[in-house]
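Topology and contacts: notes
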Amino acid sequence: RDPGRLVQFTWRYPGDPPLNMFSLENYAQYRDRNTVFSDMVGLAPLRTESSAGSEPIGAWVVTGNFFHALGVRPALGRVLDVSDDAPGGPPLAVVSWRYWQAQFNGEARALGAIVKITDRRLPGPVHATVVGVAQRDFSGVTASMRSDVWVSLGAIPTAMRSRRGVALMARLPGVSIAQ
């Protein structure tokens, strides 16, 4: 919904390129102290690996308000919400329409299925329960990176929440960047 109102947060040291890498702790601070934006979300790609000749999964960890802030509706089941952000909560997943068709033949049995995601930065594989399928025309927020699965913050161990690696996006509520 209204992608022209979305902005990315960046920071940089003088002379360095801008970076959009924050910790989940930074995200919570900015979200809680925000007086400008109507929505703020965090997302981080997971570095998945292929196994046994299968194709790697384009997976992202996202904050619970990600789909709501972007105006993305479920085609089946539900999307993640803020109640899914609790530390230590179960890893839940929303899959893309394309992934749903390719892996589950577009069948409702996808709901409740387990998607295994590996990332070298995590202590072990994440086994996320599929709770929904994103609407057909949504393919993520980064054209250069594939988006098959979006996973709740429950996939990130509490000890890793202070590490940088989360991109922050926000929605401008009818004001320009200069304003």
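Scope of this entry: the structure provided in the associated data block. Throughout this document, residue positions are counted from 1 along each chain, in the order its sequence is written. Restriction of local features to residues with pLDDT of at least 70 applies here, the model being predicted, together with a cutoff of 80 or more for giving and counting side-chain atom pairs; totals for whole chains, interfaces and linings are based on all residues. Side-chain numbers come from the whole structure's heavy atoms, not from hydrogens or water.

Among the buried residues, those of types Ala, Val, Leu, Ile, Met, Phe, Trp, Tyr and Cys that are joined through side-chain atoms within 4.5 Å form a nonpolar core. Burial classes follow relative accessibility: with a 1.4 Å probe on protein chains only, a residue under 20% of its type's maximum area counts as buried, one over 50% as exposed, and anything between as partly exposed. Of all hydrophobic cores here, the largest spans 34 residues; its most connected members are Val95, Tyr99, Val115, Ile117, Val126, Val149 and Val151. No other element matches strand S7 (residues 126-134), which puts four residues into this core. Whether two residues are in contact is decided by their heavy atoms: any pair within 4.5 Å suffices. Leaving out residues up to four positions away in the same chain, valine 149 has contacts with Ile57, Gly58, Ala59, Trp60, Ala93, Val94, Val95, Tyr99, Val115 and Ile117. Counting 19 residues, the second-largest nonpolar core is a separate cluster that includes Ala69, Val79, Leu80 and Ala167. Put simply, DSSP H or I for four residues or longer makes a helix, DSSP E for two residues or longer makes a strand, and each gets a number counted from the N terminus.

Bringing the environment of histidine 127 into the picture now. Mapped onto the elements of the fold, histidine 127 is located in strand S7. Given a relative accessible area of 43%, histidine 127 falls into the partly exposed group. With residues up to four places along the chain from it excluded, the contact list for histidine 127 reads Pro91, Ile114, Val115 and Lys116.

With respect to the helices and strands, aspartate 85 occurs in the loop between strand S4 (74-77) and strand S5 (92-95). In this structure aspartate 85 is buried but unpaired, with arginine 31 as the nearest side chain of opposite charge at 4.9 Å. Under this definition, polar contacts are N or O atom pairs within 3.5 Å; protein pairs additionally need one hydrogen-donor-capable and one acceptor-capable atom, and for neighbouring residues in sequence, both atoms have to be side-chain atoms. In terms of polar contacts, aspartate 85 uses its side chain to reach the backbone amide nitrogen of glycine 64, at 2.7 Å. Only four residue types enter the tally: Lys and Arg on the positive side, Asp and Glu on the negative side; His and the chain ends are excluded. Definition used for salt bridges: Asp or Glu carboxyl oxygen within 4 Å of a side-chain nitrogen of Lys or Arg.

Moving on, we come to the environment of alanine 143. Residue placement: alanine 143 occurs in the loop between S7 and strand S8 (149-151). C-alpha separation for the pair alanine 143 and arginine 31, spaced 112 residues apart in sequence, amounts to 25 Å.

Among the five residues that make up strand S9 (residues 167-171), five are buried, leaving the element largely enclosed by the rest of the structure. Residues Ala167, Met169 and Arg171 of S9 are buried on one face, and the alternating residues Leu168 and Ala170, pointing to the opposite face, are buried as well. By the convention used here, strands pair only if DSSP detects at least 2 bridges between them. Across five bridges, strand S2 (residues 39-46) lies against S9 in antiparallel orientation. Within S9, the residue paired with methionine 40 across the bridge is alanine 170.

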